[in-house]
Every structure is written in structure tokens, then in C-alpha cells.
Amino acid sequence: MKQQKILEVKNVSKTVQGKKIINDLSLSINKGEIMGLLGPNGAGKTTLIRILVGLISKDSGEVSINGYEIGSSFENAMSHVGVIVENPVLYDFMTGYENLIYFSTMSRESVDKQTITQLLKDVNLLEAANKKVKNYSLGMKQRLGIAQALLNNPVLLILDEPTNGLDPEGIKELRTFLRALVNKGASVLVSSHLLSEMELMCDRVAVVKKGEIKRVLNVSELTEQNKENKLNVTFYLENVKSASKYLSTSKYPIIESIENSNIVLNLYKQEIPKVIHLLSSNAVDIFEVNIHDKKLETKYMEIINQ
Ligand SMILES: Nc1ncnc2c1ncn2[C@@H]1O[C@H](COP(=O)(O)OP(=O)(O)O)[C@@H](O)[C@H]1O
Ligand SMILES: [Mg+2]
């Protein structure tokens, strides 16, 4: 079966003041995937996103969203998109709830109050719904922005550098939230200049350099483990001391540890469940396990430096 394309960009170019910012760029996103736009500052990520949502015009090429070309069917194309470019536009003097009510009146389709309450719940802001936005943290504002972008129930959510200004906990929440969203059938395009974030967040990553997509990397294929290779695996746990105690008498070497946060072990893939079992059977709670594979980083550096 042919994959359903939610976003299709074909040969798009844009020159600003004599400088080619986007150069014959093509990219597509399938239904239910998180695609990352990864590239250094100035690579053209924000410019591309602005083109995709019609904030600026393209000189040539085609952009289709959910089958609608933005040139000829702009309204239809946009009715399927939620977007935050740079920072969400929110009113500080209104509460989170009032902001969503206000923006819902501008949505093409009517949004009932129940949907707004559900959205606030989805982004974990129900308790703060009646607080003024000026008292929100950056992470809360970011989440309210996402709720706002989701008001029209988009099939494609586009977020430009959404992790900027978020703390690690906020970034992790965002990751979980986006994954839940795509599991319900939406697609996400997210930009970042940080490889480590893209690796954890995305299914595929498009590497952008000087307005061109140099390569589209499949994250799961890259992190697919080769049995002979050992991996650095980070275990996030509160009780690092007692974890270290149990592991010191095991055959699993600790290569790094940070008190009250995490330990890093060098393991074969098949050893990971064994370590999880060892720790949890000794009452050490594990909050998260991350595998770091240098393959993606190596590939990225190769592509960016070529
Ligand atoms: N309005 C503009 N006028 C002139 N140059 C611009 C304008 N917008 C972006 N640029 C240039 O386009 C390039 C890409 O910028 P941008 O899309 O913001 O990159 P990124 O988001 O990847 O950091 C940069 O070199 C920037 O200086
Ligand atoms: Mg940018």
C-alpha cells in the first residue's frame, strides 16, 4: 500500500535579497510520523516553515498539505495545519482558557468548550487554566501554544524549535505528548539545531544545510543495534547510590554517574532488560532508559561537513 503523504514539498526555492535561502528543496511526511528538520542556525529551517504555512511566498516549486496545494487551495491546505513559528502568540493578560476561547473564535470550524477543556487537559494545563498567562512558565506557555495550534484538529502540526527555553523535564513531556499525538494519526514536523533532541523525538530526520536537504535519515534504522556493538545506555533513576551498589557487584560496568539523576552503562543490547530487571528487583525505580548510539551523530557530522 502506498504511504499517505501528509506533506509534500517539491523543488521549492526562495531567494531573499539576492541570496538563495531555500534551494530546490523536496521533502515529504507520511501519516503518523514525526519528521525532524535538523540543521545549524541559518540553514533555512524557519524560512521553509514560513513558506509551508504561507507566511512568505515561494519563488518556485509546490507544497501540498493533505493533498491540497497551498498555491491553489490555500484555505483547504491550512485548515489541516497547526503551527507555531518561533514563539506562540498568546495574550498575557488573559487566562489560558480565555486565550483558547479567543483563538477558537478565529478558527474556521466552531470549537466547543468541551474540546477546549480536553485540549487543556491533554497539554497538562487544566489546573492552571484559570491563571493569567503572564504567570505561566515558559514550558506552560509552550504547551498552551500547542493547545492553540491543535484547536482546528490538524492532521499536521508544525513546530519551529519547540524545545528552545524548555528544561529537560519539559522537553521530555513534549516528546511524550507528540508521540501520543502521532499515535492518534496526526503527523508532526519539528525543527531543531540539536541532534540529540531530534534523535529522541523523531522517526526520521531531514538534515538541512544552506537551504538544501542533504539527507533524510531514518532514526530507528540508525539506532538498530548490531549485536557485536556495545552501547552507552543511560538509566534515569532517583537512587543512583543504591543502583551503583548493586551494579558494582555485577558484570555491568558503570562508565559515568550523576547523583540524583542517572548512570551510564556500557552494554550489549541484550543486556539492557537484564539490568532493568536487576535494578527493579532491588527496588531501584527506573524513570527512563536512553540508548546513545554515535551512528547518527557521526552521519550528521559527515553530512554537515561535506
Ligand atoms: N527576511 C530576511 N531577509 C534577509 N535574509 C533573511 C531573511 N530571513 C532569513 N534570512 C536569511 O536566511 C537564512 C536562513 O534563515 P532561517 O530560515 O532563519 O534559518 P534557521 O531557522 O535554520 O536558523 C539566514 O542566512 C538568514 O540570515
Ligand atoms: Mg529558525
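Data block above holds the structure.
These figures come from a predicted structure and were not determined experimentally.

Q: Tell me what's going on with the sheet that holds strand β1 (residues 5-16), and back it up with residues and numbers.
A: Strands sit in the order β2-β1-β4-β5 across an open sheet of four strands; the sheet is antiparallel. Edge strands, defined here as strands with exactly one partner in the open sheet, are β2 (19-30) and β5 (68-69). Relative to the sheet, helix α1 (residues 45-52) contacts β1, β2 and β4 (60-65), its axis offset from that of β2 by approximately 65°.

Q: Break down the site of ligand 1 for me, citing the residues and quoting the values.
A: Residues in close proximity to ligand 1 include V16, Q17, K19, I21, P40, N41, G42, A43, G44, K45, T46 and T47, which together make up its full environment. K45 has a polar backbone atom sitting 2.9 Å from an oxygen atom of ligand 1. Contact distances for ligand 1 include 2.8 Å between an oxygen atom and a side-chain N or O atom of T46. Per-element accounting of the shell around ligand 1 gives the leading share, three residues, to α1. Classifying every residue of the shell around ligand 1 gives four nonpolar, six polar and two charged.

Q: Give me the lowdown on the nonpolar core, citing residues and values where you can.
A: Counting 48 residues, the largest nonpolar core has L125, L144, I146, L157, L178, V188 and V190 as the members making the most contacts within it. Per-element tally for this core: the top contributor is helix α6 (residues 168-183), with six residues. The contacts of I146, once residues within four sequence positions are left out, are I84, V123, L157, L159, L174 and F177. If you look at the next biggest cluster of nonpolar residues, it comprises 29 residues, including L37, A77, M78 and A206.

Q: Tell me about helix α11 (residues 294-305), residues and numbers included.
A: Taking 1.5 Å of rise per residue, twelve residues should cover 16 Å, and α11 covers 16 Å from first to last C-alpha, within 8% of that figure. Within the sequence span of α11, burial applies to L296, Y300, I303 and I304. Projected down its long axis, α11 shows its buried positions confined to an angular sector of 90°, all on one face. Of the residues in α11, the exposed ones pointing more than 90 degrees away from the buried face are K294 and N305.

Q: Tell me what's going on with the pattern of salt bridges, and back it up with residues and numbers.
A: Here the structure, examined in full by the defined rule, presents eight salt bridges. In this structure, R204 and E33 form a salt bridge, with 2.7 Å as the shortest nitrogen-oxygen distance. Here E33 lies in the loop between β2 and β3 (34-38) and R204 lies in strand β9 (residues 204-209), a separation of 171 residues in the sequence. The same class applies to R204 as to E33, namely buried. Where R175 meets E288, a salt bridge forms, and the shortest distance between an N and an O atom there is 2.8 Å. With R175 in helix α6 and E288 in strand β14 (residues 286-292), this pair connects stretches of sequence that are 113 residues apart. Exposure remark for E288: the relative accessible area of 13% places this residue in the buried category. Put simply, K172, R175 and E288 are held in one network by salt bridges that share partners.

Q: With reference to specific residues and values, describe the environment of M35.
A: Its location among the elements puts M35 in strand β3. What makes M35 buried here is its relative accessible area of 0%. As for M35 and P168, which are separated by 133 residues in sequence, their C-alpha atoms are 21 Å apart. Contacts of M35, omitting those with residues within four sequence positions, involve L27, S28, I29, V188, L189, V190, C202, R204, V205, A206 and V216.

Basis of the calculations
- Residues numbered from 1 in each chain as written.
- Chains lettered and ligands numbered in written order.
- Predicted model: local features only at pLDDT ≥ 70, side-chain atom pairs only at ≥ 80, totals over all residues.
- Heavy atoms only, no water.
- Pairing = 2+ DSSP bridges.
- Helix = DSSP H or I, 4+ residues; strand = E, 2+ residues; numbered from the N terminus.
- Contact = heavy atoms within 4.5 Å.
- Axes fitted to C-alpha atoms, helices over the stretch in contact; angles between N-to-C directions.
- Near = heavy atom within 4 Å.
- Polar contact = N/O pair within 3.5 Å; in protein donor to acceptor, adjacent residues only side chain to side chain.
- Nonpolar A, V, L, I, M, F, W, Y, C, P; charged D, E, K, R; others polar.
- Core = buried A, V, L, I, M, F, W, Y, C linked by side-chain atoms within 4.5 Å.
- Buried < 20%, exposed > 50% of the residue type's maximum accessible area, 1.4 Å probe, protein only.
- Expected span 1.5 Å × (residues − 1).
- Arc of directions from axis to C-beta.
- Salt bridge = Lys/Arg side-chain N within 4 Å of Asp/Glu carboxyl O.

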